[in-house]
Structure formats: C-alpha cells, structure tokens
Amino acid sequence: MTTIQPLGDLTLEGGEVLPRLEVAYDTWGEFTGDNAVLVLHALTGDSLVAGPDGWWNRVVGPGLGVDTDRFFVVAANILGGCKGTTGPASEAPDGRVWGSRFPAVTVRDQVAAEAMLADHLGIDRWHAVIGGSAGGMRAVEWAIMHSERVERLFLLASSAYASAEQIAWTTTQADIIRAAGPEAGLELARRIAHTTYRSEAELAERFGREVQPDGRFAVTSYLQHHGEKLLKRFDAWSYVTLGDAMNSHDVGRDRGGVEAALARVTARTVVAAIDSDRLYPPYQQQELADLIPNADPLAVVHSPHGHDGFLIEHDQVGALARDLLSR
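So, a few notes on the structure that sits alongside this text.

Here is what the cut-offs are and how they apply
- Residues numbered from 1 in each chain as written.
- Predicted model: local features only at pLDDT ≥ 70, side-chain atom pairs only at ≥ 80, totals over all residues.
- Heavy atoms only, no water.
- Salt bridge = Lys/Arg side-chain N within 4 Å of Asp/Glu carboxyl O.
- Helix = DSSP H or I, 4+ residues; strand = E, 2+ residues; numbered from the N terminus.
- Buried < 20%, exposed > 50% of the residue type's maximum accessible area, 1.4 Å probe, protein only.
- Phe/Tyr/Trp six-rings, centres within 6.5 Å; stacked < 30°, edge-to-face > 60°.

### Brief notes about the pattern of salt bridges
Summed over all chains, the structure comprises 20 salt bridges. One salt bridge in this structure joins Arg138 and Glu114, with 2.8 Å as the shortest N-O distance. Separated by 24 residues along the polypeptide, Arg138 in helix 2 (residues 134–145) and Glu114 in helix 1 (residues 107–121) bring together distant segments of the chain. By relative accessible area, Arg138 is classed as buried at 0%. The buried category is assigned to Glu114, whose relative accessible area is 4%. The salt bridge partner of Arg327 is Asp323, with a shortest N-O separation of 2.5 Å. Since its relative accessible area comes to 32%, Arg327 is described here as partly exposed.

Rendered as structure tokens:
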C-alpha cells in the first residue's frame, strides 16, 4: 500500500524553497538494518514496482532477482511526478494546483528528496541502489552525492549526462505540449517518445507498411494507442518538469568533469546496456563502466525491443541483479 510521507521543506539547487514536500513510496519485505534496496523508476513510472500491477514484477518479488524474501525494497515516486509525490499536479501554497508554475527541479534535487525519505525510514546505507533510464540518472547521482550510503549500484540503459540528441527529443516533446495544450500535446509527445523507446528493427518486423481497414498505418495506430494510454494516467506538466530535470543530468557539472565525478563512486557497480537501444546507446553505458572505479565489465542485455528492453527482458535483468545483490 502506497504511503504519502510529509518531509518538510526542500531547498532546490536553483535556490527556491519547495514547501511541504511529500513523497509517495511503497515497500516490500522486512528491514533488518542492512538489507535495504532502493529501486528508482523511469520517466512515467511510479512507486508500484512489485505485485500484480507492478511495472517490474518479474524482477522484484519473492524469489526473483531482487528477492523481497531477503531484501527490504523501497520504491518512491519521483520529485515532480504525479503519483503521490509533490509535483505540478499538487496544491501550491496559494491553494491552486502548481501546473506549469511548478519550480524547475534537477536530478540532484530528486535525489535530495529521496535522501530525506531514507532518513525518515532510518536507512543510513543502501545494500543497493538500482535504476534504469531516468532512474539510472538518479542512481548514479545517489552514488556520487551520498557515496557512503550506497554499497552496490546497478545502472541500466542510462548515462552520465544527457546527450545533445536526448535533449533534442525531450525539449521538442515539451514544446509540443506547450504549443498544443496539455491533453493533445501529451498524447503527441508520447508518440514521439515511444518511437525512441523501441528499435527500428522491431517496428519494421511488427508493423512494416501494414495498413488497417480504417486506413491508418498499423504503426500509427500503435503509437496513438500508447499516447492515449499515457493521457489517462499522467499529468502533462509533470511530463515537462521531469523531462527538464533529465536534461539537467550531468554528473560532471561543478565537479571537475564526468571522469572526476564518477571517480567518487565507491559502490560495487554493474552497468548494463541494451544492445538495440537507440535512445541511450551502449557507448553511454560503456563510459559509465569504464570510469566508475569498482564497476564490472559492461554487461549487455540482448533485446529486439530497444530502450524498453530494460523493462521487458526480465530474465536477463533479473539475473544481473541477483548476482550483484548476492555478492
């Protein structure tokens, strides 16, 4: 059952104070003092990781790669999100919804909020911090900002910084939301995003040039379906806020560069790439594996599904998690 925890005010990197921060979180397993695992979700995810409706329920659960019979698993909704944690859909101090007025937040701000939750839960040190995509951004920042609190680190389909191409995709989607309005804009933005989440080869094999009886290309219908699905469960201004936060991601900022920043990581680390990922291509994970001092050689997850492979290839991802957590 999701808990929404008030945590007080949070001073953001930009200097603004975000009042009355609340963080939504779920837990599985029992805390024994040294067995806590933090799982960090991607852009439009939430704190419901395990269980029948969990987005990673074939990786996290009893007897699985992240074994909830052994570990106390914590998952929190991201700062700026819309699934219980303070974000644009929350009430501002003036009694109105924040909406597009919500202050800019960075990945480091999001980690600061999660650290406040860890303090509240009495977790001084994580047995492991795990994250894919945007969750991987926060995971690597955890291991830099709070290196003494992260024993193991698992990074999937993520990077040390947002690349020019990733920023291009994200800012274009945000501009579409601003230009077309929250509803139409979010649906269109998700279509663009979902194209980047899958591989060209998969789209070609699944849809090719097939035309449906209604005259639409099958691939167009597929993308419209995913856009409409997100519209029913997500807030457009959270999408913009979180995209801007991802664009802020650069572990080297104000730390002497990427190499110097990653040298601060003391956690035993596994970095995994999806071989067909065109949004976060494997060279970015190779850089993480090369520059983090205690990282294993880069692990490659084989998948036809592109970036979404980190959510789909349960057996491969679960095996990597199990190996890291059991060392």
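### Section: the packing of aromatic side chains
Per the stated rule, a full pass over the model turns up six aromatic pairs. Measuring from centroid to centroid gives 5.4 Å for Trp55 and Trp56, while their planes differ by 20°, and the two rings are stacked. By relative accessible area, Trp55 is classed as partly exposed at 23%. Both rings, one in Phe207 and one in Tyr222, keep their centres 4.8 Å apart while their planes meet at 40°; by these two values the pair is tilted. Remark: Tyr222 occurs in helix 6 (residues 218–233) and Phe207 occurs in the loop between helix 5 (200–206) and helix 6; sequence separation between them is 15 residues.

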